[in-house]
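For reference, the chains in residue letters:
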Amino acid sequence: MPLKLFDTMNYLITGHKGFLGNILYSGLKDSGHQVQGLSRSGDGIRCNLDVQVPALPQRYEVVIHAAGKAHRIPRTPKEAQSFFQTNVSGTRHMLQALSEPGRLPDLLVFISSVAVYGCEYGLDLDESTPLDGKTPYARSKIEAEHLVIQWAQQRGVKYLCFRLPLVAGPNPPGNLGAMIQAMRKGWYVTPGNRKARKSVVLAADLVSLLQQIPLNSGVYNLTDGRDPTLGELEQCIADQLQKKMPRILPMGMLKRAARLGDITRGVFPLTTARLNKLTASLTFSCNKAVHELNWKPNQVTKNFRIQ
């Protein structure tokens, strides 16, 4: 069970201009907490974590390291290396700053991803699943997790590594955002069938969870615990956009289109990798978080708002 220390706490959020970081920043601030952000530009502490160690003006009770390079398929070796520069070197530089005298937090939270497992399909995968992610994104997240855990254990700092699936929130990026935009423009079609299940989590639920200090440290999958089908997600989005449910296209046609996307290196919106992700069930268990963190997620399809 988590232990809530104070009615208000002092937070530092890296990457607070990004999709998830901004939701955490706004949500915690609206809840009455003191929140400061760190990013490359804008308000708050300015620092390019890729190449710099930030000078922190004070100690923070909770540090949430949400800055990172988002998941995508790199097109060049330079793009592949950029994942390690941002996700690994950036994390190392942040940890160096927190190692300065008087800067150790009570809790360090690292935002990771279920991509570390490297799975294309599977049901109720838990935290004991081997870390077999092979993409630069997955490997950089694995390395960053190791850095955070080792650093925290050596200094007696509580830590939480959250492995997130699709994150639902206003104007989401990634595959969920692509689905919304395609449905809005009338381009979206259902790949194969609507029965594949996907783990999703509401960004707003993390705000509630992060207002507590846990008694124990650990690594946790966070999902809504219901793993909606593709059809349920489509219905949720279609209803909000006031659109009809999209047509279903046969797999043979989709596979041929996906090969075109492979040849054009992602210029065409559908690739074999994306098709496989859309048509295979891939879910993760959040039972550990439920039992150890008192995780009480809301159902995505009933609470997700596009804007």
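Above this text you will find the structure in question.
Fair warning: this is a prediction, and the values are worked out from it, not measured in the lab.

(A) Expanded view of the packing of helix H7 (residues 251–263) against helix H8 (residues 272–279). The geometry of H7 relative to H8 is characterised by a closest axis approach of 8 Å and an angle of 145° between their N-to-C directions. Within the contact between the two elements, H7 uses Met251, Leu254, Lys255, Ala258, Arg259 and Asp262 and H8 uses Thr272, Leu275 and Thr279. Split into classes, the residues belonging to the contact of H7 with H8 amount to 4 nonpolar, 2 polar and 3 charged.

(B) Just the nonpolar core, in detail. Core analysis: the biggest nonpolar cluster contains 31 residues, and Ile64, Val109, Phe162, Leu206 and Leu222 have the highest contact counts within it. Residue assignment for this core shows that the elements contributing at least two residues are strand S2 (10–14), helix H1 (19–30), strand S5 (62–65), strand S6 (107–113), strand S8 (158–164), helix H5 (203–209) and helix H9 (287–293). Top contributing element to this core by residue count: H1, with 5 residues. Contacts of valine 109, omitting those with residues within four sequence positions, involve Val62, Val63, Ile64, His65, Leu160, Phe162 and Leu210. Core analysis: the next-biggest nonpolar cluster, separate from the first, contains 26 residues, Leu38, Phe84, Met94 and Val157 among them.

(C) Seen up close, the environment of glutamine 96. Of note, glutamine 96 is situated in helix H2 (residues 77–98). Separated by 55 residues in sequence, glutamine 96 and tryptophan 151 have C-alpha atoms that sit 9.5 Å apart.

(D) Quick look at unusual backbone geometry. Positive phi values are uncommon outside glycine, yet asparagine 171 reaches one of about 50°. Look at asparagine 294: it is not a glycine, yet its phi comes out positive at around 60°.

(E) Region of interest: the state of the cysteines. Inspection of the entire model under this criterion finds 0 disulfides. Looking at the unpaired cysteine 286, the closest cysteine sulfur is the one in cysteine 119, lying at 17 Å.

(F) Seen up close, the pairing of S5. Of the two faces of S5, the one holding Val62 and Ile64 and the one holding Val63 and His65 are both buried throughout. Pairing analysis gives 4 bridges linking S2 to S5, with the strands arranged parallel. Within S5, the residue paired with isoleucine 13 across the bridge is isoleucine 64. Judged from the 4 bridges that link them, S5 and S6 form a sheet pairing that is parallel.

Conventions adopted
- Residues numbered from 1 in each chain as written.
- Predicted model: local features only at pLDDT ≥ 70, side-chain atom pairs only at ≥ 80, totals over all residues.
- Heavy atoms only, no water.
- Axes fitted to C-alpha atoms, helices over the stretch in contact; angles between N-to-C directions.
- Helix = DSSP H or I, 4+ residues; strand = E, 2+ residues; numbered from the N terminus.
- Contact = heavy atoms within 4.5 Å.
- Nonpolar A, V, L, I, M, F, W, Y, C, P; charged D, E, K, R; others polar.
- Core = buried A, V, L, I, M, F, W, Y, C linked by side-chain atoms within 4.5 Å.
- Buried < 20%, exposed > 50% of the residue type's maximum accessible area, 1.4 Å probe, protein only.
- Disulfide = S-S within 2.5 Å.
- Pairing = 2+ DSSP bridges.

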